[in-house]
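In case you want the letters, here they are:
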Amino acid sequence: PSFSAVPNTGHHNQHTPLTSSLTQRSVDVVDLENKKLKARLEKLEKEHKELKRAYFELSLRQGEGHGSTLDVNMAMNGGEGHRDRTLSDVGPEEPTTPDTKGKEEGNVFYCKGDLVGHTGAVYVIRFSPKGNLLASGSFDKTVRIWNLEEAAYETLEGHTLNVSAMAWMSQTVLASGGYDRMVKVWDAAAAKAQCSVDLDGFALTAASSPTDSNVVAVGTSQNSIYFIDPRTGSCESIVKHDAMVNGVLIAMDGRSLVTGDSKGMLKFWDMRNIQQGSTVPCLQTTSNADSDRPISHLCACNMSSGSEADEPWLLGVNSYDNILRVYA
């Protein structure tokens, strides 16, 4: 029998316009996702670098070269000739002997004793409103509540990284935030968590409201301020900042919030619509004495002996330099 050759038209190797369109669309989607991932990675690397720099600036410098200027860049890059003992290197210390001699001599301040219990460096401490309880947050990932009258403490476990921010919402309710991107609200009397709220970044600072025990403000490394209500166990409102929020305070009247950021700016916010979930407007932005140094801490007090909400108050600002600035 004879066989006739069948011409190879090559149709099975050719792509139709529809197939080509779908392929190009898939490539575009992948490229877009890669760009988004790359942008997020760059953002996280920048955040990590800024936090690492702040960490070394705040760490305890010990060992060889003590007393000299800390070269942050060299420390960050593991440069030769430096041995910087950071906070995470500091382990449990031996308790000191109470300074009974200082008490006998009538000194105003003397060492009454040590509170020993943490297994890592203590990062933040806060006294309760009545002053008989002292809360401490540590690199050992725990919160401890010390009863100064009974010389005892409770250990609160739940954070997975170091505890970096705390605020008493009342005499029995404490809020804590950590580098695990989480805020926990604790029942101090029962020594258990009431609720947990996820954040978009590391918790850097926290403040409670003098007029509302159900509101706590938390500043994060992702330029956000969270307002959390433990009754609902959720975030009532989020305010977007334009820099890392290192300091936060709620005014005595409870109607405004003050923030200090990593760009050296003080911002004043209107809090009156937080409960309604509305936009929280910025009332004023002030450069910290025309300095671009990051603001690290805020502290406020009434100018009078009373506690009236409408009394004038002072605002103290620290900016990683040798000058403390006071605003009225």
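For the structure itself, consult the block above.
Residues numbered from 1 in each chain as written. Predicted model: local features only at pLDDT ≥ 70, side-chain atom pairs only at ≥ 80, totals over all residues. Heavy atoms only, no water.

Draft legend 1. Highlighting the side chain of asparagine 132. Topologically, asparagine 132 is positioned in the loop between β1 (122–127) and β2 (133–138). Judged by its relative accessible area of 17%, asparagine 132 is buried. In terms of polar contacts, asparagine 132 uses its side chain to reach the side chain of serine 128, at 3.5 Å. Here asparagine 132 is in contact with Trp146, Asn147, Leu148, Glu149 and Gln171, once residues within four sequence places are set aside. (Helix = DSSP H or I, 4+ residues; strand = E, 2+ residues; numbered from the N terminus. Buried < 20%, exposed > 50% of the residue type's maximum accessible area, 1.4 Å probe, protein only. Polar contact = N/O pair within 3.5 Å; in protein donor to acceptor, adjacent residues only side chain to side chain. Contact = heavy atoms within 4.5 Å.)

Draft legend 2. Fine view of the sheet that holds strand β4 (residues 152–157). Strand order in the open sheet formed by four strands is β1-β2-β3-β4, and the pairing between neighbours is antiparallel. Both outer strands of the open sheet, β1 and β4, are each paired with one neighbouring strand and no more. Mean inter-strand twist for the sheet, computed between neighbouring axes without regard to direction, equals 20°. As judged from the five bridges shared by β2 and strand β3 (residues 142–147), these two strands associate in the antiparallel manner. (Pairing = 2+ DSSP bridges. Axes fitted to C-alpha atoms, helices over the stretch in contact; angles between N-to-C directions.)

Draft legend 3. Structural context of the sheet that holds strand β9 (residues 203–208). Within the open sheet, the four strands sit side by side as β9-β10-β11-β12. Their pairing is antiparallel. The two strands at the open ends of the sheet, each matched to only one other strand, are β9 and β12 (234–240). Geometrically, the sheet is characterised by an average inter-axis angle of 20° between neighbouring strands, direction not taken into account. Sheet topology note: the strand β10 (residues 216–220)/strand β11 (residues 224–229) ladder contains four bridges and is antiparallel. Note on β11: the bridge partner recorded for glycine 219 is isoleucine 225.

Draft legend 4. Region of interest: the pattern of salt bridges. Following the criterion strictly, the structure yields seven salt bridges and no others. As a salt-bridge pair, aspartate 140 and arginine 144 come within 3.7 Å of each other at their nearest N and O atoms. Judged by relative accessible area, aspartate 140 falls into the buried class, the value being 15%. Measuring nitrogen to oxygen at the nearest pair gives 2.7 Å for the salt bridge that ties arginine 231 to aspartate 229. Taking the relative accessible area as the measure of exposure, arginine 231 reaches 60% and is therefore exposed. Residue aspartate 229 is classed as buried on the basis of its relative accessible area of 7%. One connected set of salt bridges, linked through shared partners, spans Arg293, Asp321 and Arg325. (Salt bridge = Lys/Arg side-chain N within 4 Å of Asp/Glu carboxyl O.)

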